[in-house]
Amino acid sequence: YHGAIKQFTPEKKSGFIACDAIYAEAGQEVYAYQDVLEKAMAGPGDYVAFFIHWSSRGQPQASNPMIRLGCSDGMFALKGTYKPGKDPTGFGFLDCPPTKEYFGRDIYVHKDLAVTMTPGETYRFNAYLNRDNMPNASEAEPCEPEWEPIPTDLTEFRRVEVDGKGKSKGGKGKGGKGGKGG
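First things first, this report covers the structure right here in the doc.

How each quantity is defined
- Residues numbered from 1 in each chain as written.
- Predicted model: local features only at pLDDT ≥ 70, side-chain atom pairs only at ≥ 80, totals over all residues.
- Heavy atoms only, no water.
- Helix = DSSP H or I, 4+ residues; strand = E, 2+ residues; numbered from the N terminus.
- Buried < 20%, exposed > 50% of the residue type's maximum accessible area, 1.4 Å probe, protein only.
- Contact = heavy atoms within 4.5 Å.
- Areas by Shrake-Rupley, 256 points an atom, 1.4 Å probe, with all protein chains shown as cover.
- 1 Å grid on protein atoms, 1.4 Å probe; cavity = no way out; pocket = protein on both sides within 12 Å on 5 of 7 lines; lining within 4 Å.
- Points joined across faces, edges and corners; volume = space filled by probe spheres on them.
- Nonpolar A, V, L, I, M, F, W, Y, C, P; charged D, E, K, R; others polar.
- Core = buried A, V, L, I, M, F, W, Y, C linked by side-chain atoms within 4.5 Å.
- Salt bridge = Lys/Arg side-chain N within 4 Å of Asp/Glu carboxyl O.
- Pairing = 2+ DSSP bridges.

**What about the overall build of the chain?**
So, point 1. Within the chain one finds four helices and twelve strands.
So, point 2. Counting every position in the chain, which comprises 182 residues, the buried fraction comes to 46%.
So, point 3. Pairs at least 24 residues apart make up 54% of the contacts formed inside the chain by residues separated by at least 6 positions.
So, point 4. Taken as a whole, the chain presents about 9,700 Å² of accessible surface, with 51% of it coming from carbon and sulfur.

**Structural notes on the layout of surface pockets**
So, point 1. The calculated volume of the largest pocket comes to roughly 340 Å³.
So, point 2. As for the largest pocket, its lining consists of 18 residues, and the residues nearest its centre are Met66, Ile67, Arg68, Leu78 and Pro98.
So, point 3. At five residues, strand E5 (residues 60-70) tops the list of elements feeding residues into the lining of the largest pocket.
So, point 4. A class-by-class count of the residues in the lining of the largest pocket yields twelve nonpolar, one polar and five charged.

**Here's the deal with the side chain of serine 63**
So, point 1. Tracing the sequence through the fold places serine 63 in strand E5.
So, point 2. You can call serine 63 buried: its relative accessible area is 13%.
So, point 3. In this structure, serine 63 is in contact with Val36, Phe50, Phe51, Ile52 and His53, ignoring residues within four places of it in sequence.

**Some remarks on the nonpolar core**
The tendency in soluble globular proteins is for nonpolar side chains to be buried as a group.
So, point 1. Residues Leu69, Leu94, Val109 and Phe125 are the most contacted members of the largest nonpolar core, which totals 21 residues.
So, point 2. Among the elements of the structure, strand E4 (47-54), E5, strand E6 (78-84), strand E8 (107-109), helix H4 (111-114) and strand E9 (122-129) are those that each provide at least two residues to this core.
So, point 3. Leave out the neighbours within four places in its chain, and valine 109 touches Tyr82, Phe91, Gly92, Phe93, Leu94, Ala114, Met117 and Ala137.

**Re the pattern of salt bridges**
So, point 1. In the structure shown here, the tally under the stated rule is eight salt bridges.
So, point 2. With a closest N to O distance of 2.8 Å, glutamate 148 and lysine 79 form a salt bridge. Here the residue glutamate 148 occupies a position in the loop between strand E10 (135-142) and strand E11 (158-162), and lysine 79 occupies one in strand E6, the gap between them amounting to 69 residues.
So, point 3. Here glutamate 141 ties to arginine 124 by a salt bridge, and the two come within 2.7 Å at their closest N and O atoms. Of the two residues, glutamate 141 sits in strand E10 while arginine 124 sits in strand E9, which places them 17 residues apart along the sequence.

**Comments concerning the pairing of strand E2 (residues 14-18)**
So, point 1. Burial of E2 is extensive: four of the five residues sit out of reach of the surface.
So, point 2. The pairing of strand E1 (residues 2-9) with E2 spans five bridges and is antiparallel. Residue pairing in the sheet places isoleucine 5 in a bridge with isoleucine 17 of E2.
So, point 3. Note: E2 against strand E3 (residues 30-33), four bridges, orientation antiparallel. Bridge pairing in E3 links phenylalanine 16 to tyrosine 31.

Put into structure tokens, the structure is as follows:
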């Protein structure tokens, strides 16, 4: 499953994920415990892929492993090394160990983004799942190999609006001020 984290409440140590597939099936959002979100370094506004289990009350709950695929607020969720496809002027791939472990494959890079990339270089990037639920890079920029994604801050209440496809539209932090994403 995949969707955008819609809300996190520190006092309750939990949040909710907007996931169209679960909403269509159960008519509710996915509950997520703080520890599951922390392991994925994810918070409100972030796009995640996750597993589901059903509570004894019939509530859908996000389970580990969860992986953060995209960040809001201009941040990046992932890091990988670019390698071209069979045709060097066409598509390519980002070799990203966490996503390879989760999905069993590299991140696909469309030719429009691939032409801006250099083989062997390290990139920080965000991804989405295509209609076949396979990871595709949505945006990328060069970075140092030492760069690591920044975890989303879960110390303050934050709620974001999401569109009908479980994607973040940005968000508001405590007191209506812009929240700081990771």
